[in-house]
Amino acid sequence: MIDPNGIAFDIDGVVADTMSLFLDIAKQEYNITNIKYEDITDYDLSACLNMPEEIIEDIVEKIIDGKYSTKLKPIEGAAEVLKKVSEHSEKLLFITARPRIGKLKGWFFSEFMPDILPSQVEIVLTGSFEAKKDILFEMKKKWFIEDRILTCFDLYEAGITPIVYIQPWNITPHPFLKVKNWRNIEQLIEF
Ligand SMILES: [Mg+2]
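Residues numbered from 1 in each chain as written. Predicted model: local features only at pLDDT ≥ 70, side-chain atom pairs only at ≥ 80, totals over all residues. Heavy atoms only, no water.

Undergrad: Before we go on, may I ask you to explain the overall build of the protein in this structure?
TA: Each helix and strand in the protein was counted, giving 8 helices and 6 strands. For the protein, the N- to C-terminal ordering of α and β elements is β-α-α-α-α-β-α-β-α-β-α-β-β-α. The C-alpha atoms of the protein give 16 Å as radius of gyration, which agrees with the globular expectation for 191 residues (16 Å, within 12%). On the principal axes, the C-alpha backbone points of the protein span a range of 45 × 35 × 30 Å. Evaluated residue by residue, the protein yields a buried proportion of 49% over its 191 residues. Sequence-distant contacts in the protein: of pairs separated by 6 or more residues, those separated by 24 or more amount to 67%. For the protein, the accessible area works out to roughly 9800 Å², and carbon and sulfur atoms hold 51% of it. Of the side chains in the protein, 22 bear a positive and 32 a negative charge, and the two mean positions are spaced by 4 Å. (Helix = DSSP H or I, 4+ residues; strand = E, 2+ residues; numbered from the N terminus. Rg over C-alpha atoms; globule rule 2.2 N^0.38 Å. Buried < 20%, exposed > 50% of the residue type's maximum accessible area, 1.4 Å probe, protein only. Contact = heavy atoms within 4.5 Å. Areas by Shrake-Rupley, 256 points an atom, 1.4 Å probe, with all protein chains shown as cover. Lys, Arg positive; Asp, Glu negative; His and termini not counted. Charge placed at Lys NZ, Arg CZ, Asp CG, Glu CD.)

Undergrad: Even after reading the chapter, I still don't get the coordination of the magnesium ion, so can you show me in this structure?
TA: Ideal values differ by geometry: the angle at a metal is 109.5 degrees with four tetrahedral donors, but 90 or 180 degrees with six octahedral donors. Only Asp 10 (OD), Asp 12 (O) and Asp 147 (OD) from the protein coordinate the magnesium ion, and they sit 2.0 to 2.1 Å from it. A relative accessible area of 15% means that Asp 12 is categorised as buried. (Donors = N, O, S within 2.8 Å, 3.2 Å for Na, K, Ca; no water.)

Undergrad: Before we go on, may I ask you to explain the packing of helix α1 (residues 18-30) against helix α3 (residues 53-65) in this structure?
TA: What describes two packed helices is the angle between their axes and the distance between those same axes. With their axes 10 Å apart at the nearest point, α1 and α3 run at an angle of 115° to one another. As α1 runs across α3, the sense of the crossing is right-handed. Facing Thr 18, Leu 21, Phe 22, Ile 25, Ala 26, Glu 29 and Tyr 30 of α1, the residues of α3 in contact are Ile 55, Ile 56, Asp 58, Ile 59, Val 60, Lys 62 and Ile 63. Here the residues of the contact of α1 with α3 are counted per class, giving 10 nonpolar, 1 polar and 3 charged. (Axes fitted to C-alpha atoms, helices over the stretch in contact; angles between N-to-C directions. Left-handed = near helix turned anticlockwise from the far one by under 90°. Nonpolar A, V, L, I, M, F, W, Y, C, P; charged D, E, K, R; others polar.)

Printed below as a string of structure tokens:
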């Protein structure tokens, strides 16, 4: 069982449905309509999508900078379970490899968890996947929910227990604990 004070969370692909946003922007702004969520079988989008690399990069930039008219949706059940975690821990910790916050903070407190106080949440931007383990170590966290499998291996080597949030881009074999939704995460935590 997981101590609610010992766990931290990734954002994209774990609490935010960022890949659906990617597809929505592709459809609305680039008229790319033939790609489905299940087609995203690699975290490296250029390795799995038949899409010009410049467009992939443009869309990723738009996502990071919050320059889109469509909505970023939360992943189902995330806000409810995180609220419960916050009631049983000092602070919620999110660690993202995003290099800048863009509109993510606004989204977080106005759309994702509007009833949580900013003082109950810490969002750390690392700008790199490799830096996540250092933050987790510093903040004394033992578990991390993550959707990028290479990061999970990196965390594991650093003594942190990764939990894989199952997505079409991480179904390759791995030795880690996996969860398919936020109900699964809730069941792992000792409230
Ligand atoms: Mg992620």
